[in-house]
Amino acid sequence: MMNEEQFLHRIDVKGGILSPVELQRIIEYAQELGLEYFHFGSRQDIVFPIKNNQGGLLTELDAFDSSFFTSEKQQNISCSYVSIDIFDSTVWLRGTTYLYILEEFRYQPKLKINITDPKQQIVPLFSGDLNFIASSHEDYWYLFLKLPGWSEVYYPVLIHTWDIAKVAEAIEGIYEKVLDVEELFQFLNEKIDTNNRTIEKPLRVSFKPFPYYEGMNKMGGNQYWLGLYWRNNQYDLSFLKVLCEFCIEHRIGKICLTAWKSFIIKGIPKESKLALEKLLGQFGINVRHSALELNWHLPVNNKRALDLKKFLVMNFDQNDISTYGLTFGITSSRNLKRYFTSIVIEENQTPKAIEDFVVRPTYNILHANNFNPSSRNYIVYAQDVDQMDLPGLLLELTKTYFLNLGKEEDYSSSFKAKKEVIEIEVYQCNDCQTVYDPSVGDVVSNIPFGTEFRELPEDYNCSLCEAPKSNFEKIVLEII
């Protein structure tokens with residue numbers, strides 16, 4: 001449980017990406033509050049454990065640097081920039097792509113926004129309200145909606161990279177006033193100019209084992225990346241300050257936060273590697289935790305959850321249990337829509353009638369369908385379990401996982417939009433099959449969106465093969 005004399009003050013870090021100078025300023029902000037450490041959060045943000053008697057000082061310091069501190073009423077944007085160049089990625093995605101998208105967000109989101117690559121596993125795909133997920137088409141993204149009060153559903157077209165920020169802002173302003181995704185789609189087509197693309201196939205996300213993200217590791221081009229993790233999520237400010245100074249001196253431009261309450265530094269020059277290793281050694285920093293340690297997601301500043309994790313990890317280690325590729329989460333509140341681990345250990349709430357008595361907690365064990373967190377579907381494996389029985393049940397569950405690991409048909413998930421079908425009338429060229437969609441228009445021919453086919457000039461030609469307007473035939477597309 002969090003200390004009763006503390007509350008958590010969150011500072012958003014857009015996309016989880018910081019320069020060393022920006023992190024230095026946050027550290028100075030924390031030190032002004034008398035803190036010796038801070039935490040990292042699951043939205044790639046930073047969390048200060050503030051004592052109640054520091055509330056006045058906190059208010060005074062809120063204007064410390066308005067360039068990147070945001071209100072606690074806002075939400076952080078989560079993105080998988082951290083994975084670029086060190087984990088698998090979609091072929092067309094570059095670090096600059098993420099930076100461009102984030103730069104376009106000139107408003108403070110009130111909805112949780114995820115901008116992710118489905119090829120990587122370090123950043124959750126579906127933990128936001130608006131989840132933009134890269135498609136195989138260059139610069140186009142699926143949009144999966146988990147809006148408050150809505151059923152989960154895919155947006156019916158792919159979103160262009162340049163349109164992500166304005167689509168997100170438009171959705172924030174209207175989603176509470178429309179009835180469903182079809183009405184939302186029609187509204188956005190009328191209100192904003194976007195370069196959408198028809199969804200040709202549903203998003204498919206295959207299960208891949210969770211990566212090891214700690215330690216000094218080789219990148220391309222004679223560079224290295226460093227992943228650092230503290231098991232208690234209490235990151236020492238004096239060390240971080242020296243680390244920032246090192247990054248500035250050695251021209252390392254970015255520090256990336258992960259959703260696993262850790263951080264990664266990429267682009268470390270080969271000639272700087274030894275000096276960085278010496279720095280880590282001087283502070284006694286362990287950079288090779290067991291894989292058993294790294295694949296857990298816990299609530300911030302929750303000693304009870306941390307103690308449970310230590311108990312389970314110690315038991316796994318003593319019994320030589322492998323958890324390769326699996327991830328675990330501990331929670332005290334049931335919110336299946338926000339889970340993003342393979343296995344979830346859920347602490348049951350103590351009934352109010354017996355709150356005054358000392359009662360041993362009980363737990364439920366759930367696992368994602370096919371152990372793939374991106375399936376978003378969780379299955380109850382055991383209920384009302386005593387803590388001492390958890391290791392044995394988790395062992396059984398890991399055996400089931402390994403029994404099926406590698407079976408492609410069992411460990412991949414196709415995610416489709418809801419089965420309701422949206423029908424739209426478009427016009428298709430009989431020669432090259434190019435489609436003219438009135439809701440999109442024709443950028444090549446300078447035809448604005450919303451222009452009906454009958455309103456096109458008689459000398460209009462196909463933008464691909466230059467066939468005449470008369471060569472187009474009306475067809476009905478079903479958007480699933």
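Nothing here was measured: the structure is a model prediction, and the numbers come from that model.

Engineer: Would you mind showing me how to read the packing of aromatic side chains here?
Structural biologist: Between two aromatic rings, the relevant description is the distance of the centres plus the angle of the planes. On inspection of all chains with the given rule, the structure shows 31 aromatic pairs. On the numbers, 5.6 Å between centres and 70 degrees between planes, the contact of Tyr155 with Phe185 is edge-to-face. Here Phe185 lies in helix H5 (residues 181-191) and Tyr155 lies in the loop between strand E9 (153-154) and strand E10 (157-160), a separation of 30 residues in the sequence. By relative accessible area, Phe185 is classed as buried at 5%. Pairwise contacts between aromatic rings join Tyr29, Phe38, Phe40, Phe48, Trp230, Tyr235, Phe239, Phe263 and Phe283 into one cluster. Over the aromatic face of Phe126 sits the side chain of Arg376, whose NZ or CZ is 5.1 Å from the ring centroid. Here Lys469 stacks its cationic end above the ring of Phe453, 5.3 Å away from the centre of that ring.

Engineer: Would you explain the confidence of the model for the protein chain in this entry?
Structural biologist: Parts of the model with low pLDDT should not have their predicted coordinates read in detail. Averaged over every residue, the pLDDT of the protein chain is 86; the share at 70 or more is 87%. Here residues 63-70 is modelled with pLDDT under 50, and outside its nearest four sequence neighbours on either side it reaches 17 contacts, counting other chains as well. Contacts for the low-pLDDT stretch residues 408-421, under 50 throughout, to residues beyond four places or in other chains number 46 contacts.

Engineer: Mind showing me how you'd approach the sheet that holds strand E16 (residues 255-257) here?
Structural biologist: Strand pairing in a sheet relies on backbone hydrogen bonds, with the paired strands running either antiparallel or parallel. Strand order across the open sheet formed by five strands is E2-E16-E17-E14-E13, with antiparallel pairing between neighbours. A strand with exactly one partner marks an edge of an open sheet, and here the two such strands are strand E2 (17-18) and strand E13 (215-218). Looking at chain direction, E16 and strand E17 (residues 262-269) are connected through three bridges and run antiparallel. What sits directly across from Leu257, in E17, is Phe263.

Engineer: Would you take a moment to explain unusual backbone geometry for this structure?
Structural biologist: Outside of glycine, negative phi angles account for most residues, and trans bonds account for most peptide bonds. At Asp139, a residue that is not glycine, the phi angle is positive and equals roughly 70 degrees. Among the secondary structure elements, Asp139 is positioned in the loop between strand E7 (130-134) and strand E8 (140-145). Positive phi values are uncommon outside glycine, yet Arg376 reaches one of about 70 degrees. Among the secondary structure elements, Arg376 is positioned in the loop between strand E21 (362-368) and strand E22 (378-386).

Engineer: Would you explain the environment of Gln186 in this entry?
Structural biologist: Note on placement: Gln186 falls in helix H5. On the basis of relative accessibility, which here comes to 41%, the residue Gln186 falls in the partly exposed class. Counting along the chain gives 253 residues from Gln186 to Ser439, while the straight-line C-alpha distance between them is 8.6 Å.

Engineer: Is there a simple way to explain the pattern of salt bridges in this structure?
Structural biologist: Between side chains of opposite charge, pairing is possible as soon as their charged atoms come close. The full count for this structure, using the stated rule, is 14 salt bridges. The partner of Glu152 in a salt bridge is Arg376, and the shortest N-O contact between them spans 3.1 Å. Taken together, the positions of Glu152 in the loop between E8 and E9 and Arg376 in the loop between E21 and E22 put the pair 224 residues apart, joining distant regions of the chain. The exposure class assigned to Glu152 is partly exposed, which follows from its relative accessible area of 24%. Lys474 is the salt-bridge partner of Glu425, the closest N and O atoms lying 3.9 Å from each other. Of this pair, Glu425 sits in strand E24 (residues 422-429) while Lys474 sits in strand E26 (residues 472-479), placing them 49 residues apart in sequence. Judged by its relative accessible area of 47%, Glu425 falls in the partly exposed class. Taking the relative accessible area as the measure of exposure, Lys474 reaches 48% and is therefore partly exposed.

Engineer: When you look at helix H9 (residues 303-318) in this model, what are you seeing that I'm missing?
Structural biologist: In an α-helix, one turn spans 3.6 residues, which is why side chains three or four residues apart end up on the same side. With 16 residues, H9 should cover 22 Å at 1.5 Å per step; its first-to-last C-alpha distance of 22 Å lies within 8% of that length. Along H9, the residues that are buried comprise Ala305, Leu306, Leu308, Lys309, Phe311, Leu312, Val313 and Phe316. Of the residues that open H9, the one with a side-chain oxygen 3.2 Å from the backbone nitrogen of Arg304 is Asn302.

Basis of the calculations
Residues numbered from 1 in each chain as written. Predicted model: local features only at pLDDT ≥ 70, side-chain atom pairs only at ≥ 80, totals over all residues. Heavy atoms only, no water. Phe/Tyr/Trp six-rings, centres within 6.5 Å; stacked < 30°, edge-to-face > 60°. Helix = DSSP H or I, 4+ residues; strand = E, 2+ residues; numbered from the N terminus. Buried < 20%, exposed > 50% of the residue type's maximum accessible area, 1.4 Å probe, protein only. Lys NZ or Arg CZ within 6 Å of the ring centre and 35° of its normal. pLDDT = per-residue confidence, 0-100. Contact = heavy atoms within 4.5 Å. Pairing = 2+ DSSP bridges. Salt bridge = Lys/Arg side-chain N within 4 Å of Asp/Glu carboxyl O. Expected span 1.5 Å × (residues − 1). Polar contact = N/O pair within 3.5 Å; in protein donor to acceptor, adjacent residues only side chain to side chain.

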